[in-house]
Amino acid sequence: IELLEAELEPGPGEKARRYIGKVGEAVSRLDELIETTVQMLRMGANVERIYALERVDMRELVERIRNRFGDGTRRIRNLVPQGLGDLLLRRRGLEIVIENLVSNALKHSGDSSGIDVGASLIRDRRAGSGGTLLLVKVEDRGEGIPEGELEKIFDPFYRRARSISSDGIGLGLALVKSVITIMNGEINIKSAVGEGTTVSFTVPVGGEAYEAPETIG
């Protein structure tokens, strides 16, 4: 598609250029659909891996995810404290969630806006025998989300009405919510138009061995 655009001359070719641009957007949405479908199929086939508890260095995990974003890496700040330690967590599920949240923030925050990823431990009696939850926050300073859209943001196929990026079909955050549910966690989102968005989630540290659900949706 980029090669076709390069071959077009200005003027009479402008209409064709716009058409090719629309084709490019459709291809991007199809790519996301395929990628998300593959992720969901992998989750269905390997849901036990999401439940598997492993020793995780959260700062190292976030740094590894950060380095997957190529040119976007410079915009992502790893704010996980060095002394958080190795925690007993569901590593594969955390990877899926954090990577999707960072990807979403990059899409909707403009080319110059920074993205912060942080983590901390909190005490909560709902977290099982250990009473400890991991709190992760992904914060951007982008366009923000209107209040009326916040309650729909995790719905499958929901696309924001006004956005810097028109790419995507709205499956990323629905996938995130499904994985967090599998991990017996909770997710919240706060946003203000023109100020940015913070997505935070909690998951138990260690704790009980939950039975894998029959579905992930």
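Each remark here, short or long, concerns the structure printed above.
Residues numbered from 1 in each chain as written. Predicted model: local features only at pLDDT ≥ 70, side-chain atom pairs only at ≥ 80, totals over all residues. Heavy atoms only, no water.

Student: Go over helix α4 (residues 58-66) with me, naming the residues and quoting the values.
Tutor: Turning to α4, its buried residues are Met58, Leu61, Val62, Ile65 and Arg66. Projected down its long axis, α4 shows its buried positions confined to an angular sector of 140 degrees, all on one face. Taken together, the buried residues of α4 touch β1 (54-57), β2 (76-78), β3 (86-89), α5 (91-107), β4 (115-123) and β5 (132-140). If you check the start of α4, you find a side-chain oxygen 3.1 Å away from the backbone N of Arg59, and it comes from Asp57. (Buried < 20%, exposed > 50% of the residue type's maximum accessible area, 1.4 Å probe, protein only. Helix = DSSP H or I, 4+ residues; strand = E, 2+ residues; numbered from the N terminus. Arc of directions from axis to C-beta. Contact = heavy atoms within 4.5 Å. Polar contact = N/O pair within 3.5 Å; in protein donor to acceptor, adjacent residues only side chain to side chain.)

Student: Summarise the pattern of salt bridges; cite the residues concerned and give the values.
Tutor: In total, this model carries 10 salt bridges according to the counting rule given. With a closest N to O distance of 2.8 Å, Glu63 and Arg66 form a salt bridge. A residue pair is termed a helical-turn pair when its members lie 3 or 4 positions apart in one helix, as Glu63 and Arg66 do in helix α4 at 3 residues. Its relative accessible area of 28% is what places Glu63 among the partly exposed residues. (Salt bridge = Lys/Arg side-chain N within 4 Å of Asp/Glu carboxyl O.)

Student: Please set out the nonpolar core residue by residue, giving values where relevant.
Tutor: Generally speaking, a soluble globular protein has its nonpolar side chains buried in company with each other. By size, the foremost hydrophobic cluster in this structure holds 41 residues, and its most contacted members are Met58, Leu89, Leu94, Ile98, Leu134 and Phe201. Breaking this core down by element, the ones donating at least two residues are α4, β3, α5, β4, β5, α7 (172-182), β6 (186-192) and β7 (196-204). In terms of residues, this core owes the most to one element, α5, which gives 8 residues. (Core = buried A, V, L, I, M, F, W, Y, C linked by side-chain atoms within 4.5 Å.)

Student: An account of α7 is needed here, citing residue identities and associated values.
Tutor: Of all 11 residues making up α7, 9 are buried, and the element is well covered by its neighbours. Turning to α7, its buried residues are Gly172, Leu173, Ala174, Leu175, Val176, Ser178, Val179, Ile180 and Ile182. Following α7 by one or two positions, Asn184 adopts a phi angle in the positive range, close to 60 degrees.

Student: Before we move on, could you go through the environment of Phe69 and cite the residues and values that matter?
Tutor: Topologically, Phe69 is positioned in the loop between α4 and β2. Between the alpha carbons of Phe69 and Leu106 there is a distance of 9.3 Å; along the sequence they are 37 residues apart. Residues contacting Phe69, with those up to four places away along its chain left out, are Ile76, Glu99, Val102, Ser103 and Leu106.

Student: An account of the pairing of β7 is needed here, citing residue identities and associated values.
Tutor: A regular strand places its side chains so that they alternate between the two faces of the sheet. Judged by how many residues are buried, β7 sits mostly within the fold: 8 of 9 residues are covered. The sheet contact formed by β5 and β7 spans 8 bridges and is antiparallel. Bridge pairing in β7 links Leu135 to Thr202. Looking at chain direction, β6 and β7 are connected through 7 bridges and run antiparallel. Its bridge partner being in β7, Ser191 is matched across the sheet by Thr197. The antiparallel pairing of β6 with β7 creates a hairpin that spans 3 residues between the two strands, and Gly194 there sits at a positive phi of about 85 degrees. (Pairing = 2+ DSSP bridges.)

Student: Explain the sheet that holds β4 residue by residue, including any values.
Tutor: In any sheet, the strands associate via hydrogen bonds between backbone groups, in a parallel or an antiparallel arrangement. In spatial order, the strands read β2-β4-β5-β7-β6; together these 5 strands make up an open sheet with mixed pairing. Strands with a single pairing partner mark the edges of an open sheet, and in this sheet they are β2 and β6. The average undirected angle you get between the axes of adjacent strands in this sheet is 20 degrees. Pairing geometry for β2 and β4, over 3 bridges, is parallel. (Axes fitted to C-alpha atoms, helices over the stretch in contact; angles between N-to-C directions.)

Student: Can you explain the packing of α5 against α7? Please cite residues and give values.
Tutor: Packing of α5 against α7 leaves a shortest axis separation of 9 Å and a crossing angle of 155 degrees. On the basis of the axis angle, α5 is roughly antiparallel to α7. Along this stretch, α5 crosses α7, giving a crossing that reads as left-handed. Judged by residue contacts, Gly93, Ile96, Val97, Asn100, Leu101 and Asn104 of α5 engage Gly172, Leu173, Leu175, Val176, Val179 and Ile180 from α7. (Parallel < 35°, antiparallel > 145°, perpendicular 65-115°, else oblique. Left-handed = near helix turned anticlockwise from the far one by under 90°.)

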